[in-house]
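Structural description and commentary
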Amino acid sequence: MSTIIYHNPRCSKSRQTLQLLEEKGIQPEIIEYLKKAPSKTELESVLSMLNMEPRALMRKGETIYKELSLKDDTLSNEQLISAMLEHPILIERPIVLTNGKAALGRPPENVLDIL
């Protein structure tokens, strides 16, 4: 089974998580999601595997989060997912997928639970 990491090389947690995987002998498929955003189906699948609502996977400190008023409780999950697809910087990282499971690498050690 292959392992995938949704990675941002500029993020220290993302780099630490990738290093942790490599130390375990895992060479994951690296998806730089800021360059190649996930599809709607992929993002919905990741949310399902993480058992998370879209807002829980959003980077609330990002300027675009405030600019788009994404804190608004009346927004639907569909609207939040659309915002994440249009602005992938909003997606929290890193996300590791393996063995039909997913983990958010915050902290990086979280991914050990699914290996």
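Bringing the overall build of the chain into the picture now. Along the backbone of the chain there are four helices and four strands. Listed N to C, the secondary structure of the chain is β-α-β-α-α-α-β-β in terms of helices and strands. A compact globule built from 115 residues would reach a C-alpha radius of gyration of about 13 Å, and the chain, at 14 Å, matches this within 12%. Taken over 115 residues, the chain has a buried fraction of 44%. Once local pairs closer than 6 in sequence are excluded, the contacts in the chain between residues at least 24 apart make up 62%. Here the chain has roughly 6400 Å² of accessible surface; of this, 48% comes from carbon and sulfur atoms. Positive and negative side-chain charges of the chain, numbering 15 and 16 respectively, have mean locations separated by a distance of 5 Å.

Let's shift gears to the side chain of E92. Secondary-structure assignment places E92 in the loop between α4 (77-86) and β3 (95-98). The contact partners of E92, leaving out residues within four places of it in the chain, are L57, R59, L104 and R106.

Turning our attention to helix α1 (residues 12-23). Over its twelve residues, α1 extends 16 Å from the first C-alpha to the last, a length consistent with the 16 Å expected when each residue adds 1.5 Å. Where α1 is buried, its residues contact β1 (4-7), β2 (29-32) and β3. The positive-phi residue at the C-terminal boundary of α1 is G25, with phi of around 80°.

Inside soluble globular proteins, nonpolar side chains tend to come together where they are buried. Membership of the largest hydrophobic core comes to 23 residues, with the highest contact counts inside it found for Y6, L57, L90 and I95. Secondary-structure elements contributing two or more residues to this core are β1, α2 (40-50), α3 (63-67), α4, β3 and β4 (101-104). Residues within four places of I95 in sequence aside, it is in contact with I4, I5, Y6, V46, L50, L57, A103 and L104. Among the nonpolar cores identified, the runner-up in size contains nine residues, and I5, I26, V96 and V111 belong to it.

This part covers the environment of S48. Among the secondary structure elements, S48 is positioned in helix α2. In this structure, the C-alpha to C-alpha distance between S48 and A102, residues 54 residues apart in sequence, is 9.0 Å.

Quick look at the pattern of salt bridges now. This structure, assessed with the given rule, holds six salt bridges. The closest approach of N and O atoms between K35 and E32, which form a salt bridge, is 3.3 Å. Judged by its relative accessible area of 28%, E32 is partly exposed. K40 is paired through a salt bridge with E78; the nearest N and O atoms lie 2.8 Å apart. Taken together, the positions of K40 in helix α2 and E78 in helix α4 put the pair 38 residues apart, joining distant regions of the chain. Overlapping salt bridges, with partners in common, bring together R59, E62, E92 and R106 in one network.

With that out of the way, let us pick up the pairing of β2. Where β1 and β2 come together, four bridges link them in parallel fashion. The partner of H7 across the bridge, within β2, is E32. Regarding the hand of the β-α-β motif, the stretch spanning β1, α1 and β2 is right-handed.

What counts and how
Residues numbered from 1 in each chain as written. Predicted model: local features only at pLDDT ≥ 70, side-chain atom pairs only at ≥ 80, totals over all residues. Heavy atoms only, no water. Helix = DSSP H or I, 4+ residues; strand = E, 2+ residues; numbered from the N terminus. Rg over C-alpha atoms; globule rule 2.2 N^0.38 Å. Buried < 20%, exposed > 50% of the residue type's maximum accessible area, 1.4 Å probe, protein only. Contact = heavy atoms within 4.5 Å. Areas by Shrake-Rupley, 256 points an atom, 1.4 Å probe, with all protein chains shown as cover. Lys, Arg positive; Asp, Glu negative; His and termini not counted. Charge placed at Lys NZ, Arg CZ, Asp CG, Glu CD. Expected span 1.5 Å × (residues − 1). Core = buried A, V, L, I, M, F, W, Y, C linked by side-chain atoms within 4.5 Å. Salt bridge = Lys/Arg side-chain N within 4 Å of Asp/Glu carboxyl O. Pairing = 2+ DSSP bridges. Right-handed = clockwise from strand over helix to strand, strands pointing away.

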